[in-house]
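# Structural overview
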Amino acid sequence: MKDKGILLETGTGEVEILEFAINKEHYSINVIKVKEILEVDYLTKIPNSHPAVAGLTLVRGDVVTLIDMKYVIEKKNTDIKKCKVILCEFNNMKVAFCVDNILGIHRIGWDQIRKSENVNESSLVIGNIIFNNKILMLLDFEKIVMDISPASGISEKRMNDIEAKDRSNVKMILADDSPLIRKVLNDTLTKAGFKNLRFFDDGEQAYNYLSSICDEKGENFIDDVHILITDIEMPQMDGHTLTRKIKEHKILKSLPVIIFSSLITEDLMHKGESVGADGQMSKPEIGKLVNLIDELVVDK
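Residues numbered from 1 in each chain as written. Predicted model: local features only at pLDDT ≥ 70, side-chain atom pairs only at ≥ 80, totals over all residues. Heavy atoms only, no water.

Let us look at the overall build of the protein. When its secondary structure is counted, the protein shows seven helices and 16 strands. The contacts in the protein between residues at least 6 apart in sequence include a share of 65% that link residues at least 24 apart. If you sum the accessible surface of the protein, you get close to 14,200 Å²; carbon and sulfur atoms cover 45% of it. (Helix = DSSP H or I, 4+ residues; strand = E, 2+ residues; numbered from the N terminus. Contact = heavy atoms within 4.5 Å. Areas by Shrake-Rupley, 256 points an atom, 1.4 Å probe, with all protein chains shown as cover.)

Following this line, the structure appears as structure tokens:
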């Protein structure tokens, strides 16, 4: 599916979204997560599974979990035989989502995605897009999967091989729009020994903060921040654009930047490389993230 779209340059602040419908309400997902659109002709029910899991299906020999989005949104089951299936890949896994209808692909700017009001850790909507006089809700698919299968996301279990030590002298900025991910990152990194963590919920806020430090202290900004960890998908300014702006800045370019995102795959690593990221890590691998931070901030 991605191959059929218009190729986007990385770090330009644009995104392609797939619009779909569930019971006449309009939702969206970043096209970069979508592998293809399918119709299910084979489904195996899983005994004692989560009620949102419709079952397992085969996609060219791969066994893929199918999630019923109508149940996720409305706690009602859909007719699987009539639904459209969005096959996705993120968090280093493939998962499929059953929806009522596919409505098209649109190119927009990240700054057109408005933050949802009263977003909290239980919210599934991470942004609203006003498009053609209607509201498209951008859903947090990572949270949907983590709610169904907590082991698929970031957890303390993924830090079993990490040495817990005093890392309080490392001053870190983190940008992620998901309240759930921010909380889990805070909990897990604190357990690893980090104390100086400053969180932002979009890339624009993080860049403005870094710019203000740079304006005040110049090259000595590094006294206040040693490393930036950023998601890719964020309203106002995405992580690729944030990274590019930092690496093009005459002073901030020395700041190490790690892109920590569910979208990091072998096929998409080149996007982070093209904007100058110092490291890239798939979002569940919190243990590997800690190791990478240790490597990049060796003198702190």
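This part is about a nonpolar patch on the surface. There is a patch of nonpolar side chains on the surface, built from Y42, L58 and V63 and spanning about 300 Å² of accessible area. Note on placement: V63 falls in strand β5 (residues 62-68). You can call V63 exposed: its relative accessible area is 58%. (Patch = residues over 30% accessible without salt bridge, like charges linked within 9 Å, V, L, I, M, F, W, Y side chains within 5 Å. Salt bridge = Lys/Arg side-chain N within 4 Å of Asp/Glu carboxyl O. Buried < 20%, exposed > 50% of the residue type's maximum accessible area, 1.4 Å probe, protein only.)

Let us look at the pattern of salt bridges. Applying the stated criterion across every chain, the model contains 14 salt bridges. For K33, the salt bridge is made with E233, and the minimal N-O distance between the two is 2.8 Å. Highlighted residues: K33 in the loop between β2 (25-30) and β3 (34-38) and E233 in the loop between β14 (227-230) and α5 (239-248), separated in sequence by 200 residues. For K33, a relative accessible area of 3% corresponds to the buried category. What makes E233 buried here is its relative accessible area of 9%. With a closest N to O distance of 2.8 Å, D278 and K247 form a salt bridge. One end of the pair, D278, is in the loop between α6 (269-274) and β16 (279-282); the other, K247, is in helix α5, and 31 residues separate them in sequence. The exposure class assigned to D278 is partly exposed, which follows from its relative accessible area of 38%.

Moving on: the environment of D223. By secondary structure assignment, the location of D223 is in the loop between α4 (203-217) and β14. Sequence separation between D223 and K171 is 52 residues; the distance between their C-alpha atoms is 8.5 Å.

Take the sheet that holds strand β15 (residues 257-261) next. Strand order in the open sheet formed by five strands is β13-β12-β14-β15-β16, with parallel pairing between adjacent strands. For this open sheet the edge positions go to β13 (196-200) and β16, each flanked by a neighbour on one side alone. Each neighbouring strand pair of the sheet contributes to a mean axis angle of 20°, computed without reference to strand direction. Summarising the sheet, β14 and β15 pair through three bridges and their orientation is parallel. Note that in β15 the partner of L228 across the bridge is V257. Sheet contacts for helix α7 (residues 286-296): β12 (171-175), β14, β15 and β16; angle to β15, the most-contacted strand, approximately 175°. (Pairing = 2+ DSSP bridges. Axes fitted to C-alpha atoms, helices over the stretch in contact; angles between N-to-C directions.)

A separate point is the nonpolar core. Counting residues in hydrophobic clusters, the biggest one holds 27 residues, and the most contacted among them are F20, M69, F97, F141 and I144. Contributing elements (two or more residues each) for this core: β1 (14-22), β2, α1 (69-74), β6 (84-90), β7 (93-99), β11 (134-139) and α2 (141-148). A per-element tally of this core places α2 first, with four residues. Setting aside residues no more than four positions away along its own chain, M69 makes contact with I22, F97, C98, V99, L139, F141 and I144. (Core = buried A, V, L, I, M, F, W, Y, C linked by side-chain atoms within 4.5 Å.)

Here we come to the sheet that holds β6. Strand pairs in the sheet, formed through backbone hydrogen bonds, run parallel or antiparallel to each other. In spatial order, the strands read β3-β6-β7-β5-β4; together these five strands make up an open sheet with mixed pairing. Of all the strands in the sheet, the pair left with one neighbour each is β3 and β4 (53-59). For this sheet, the mean angle separating the axes of adjacent strands, direction not counted, is 30°. Sheet analysis places β5 next to β7, joined by four bridges and oriented parallel.

It is at 9 Å that the axes of α4 and α5 come closest, and there the two elements cross at 20°. Taken together, the axes of α4 and α5 are roughly parallel relative to one another. For the crossing formed where α4 meets α5, the hand is right-handed. Packed against α4, whose contacting residues are G203, A206, Y207 and L210, the element α5 presents L242, K245 and I246 at the interface. Across the contact of α4 with α5, the residue classes tally to five nonpolar, one polar and one charged. (Parallel < 35°, antiparallel > 145°, perpendicular 65-115°, else oblique. Left-handed = near helix turned anticlockwise from the far one by under 90°. Nonpolar A, V, L, I, M, F, W, Y, C, P; charged D, E, K, R; others polar.)

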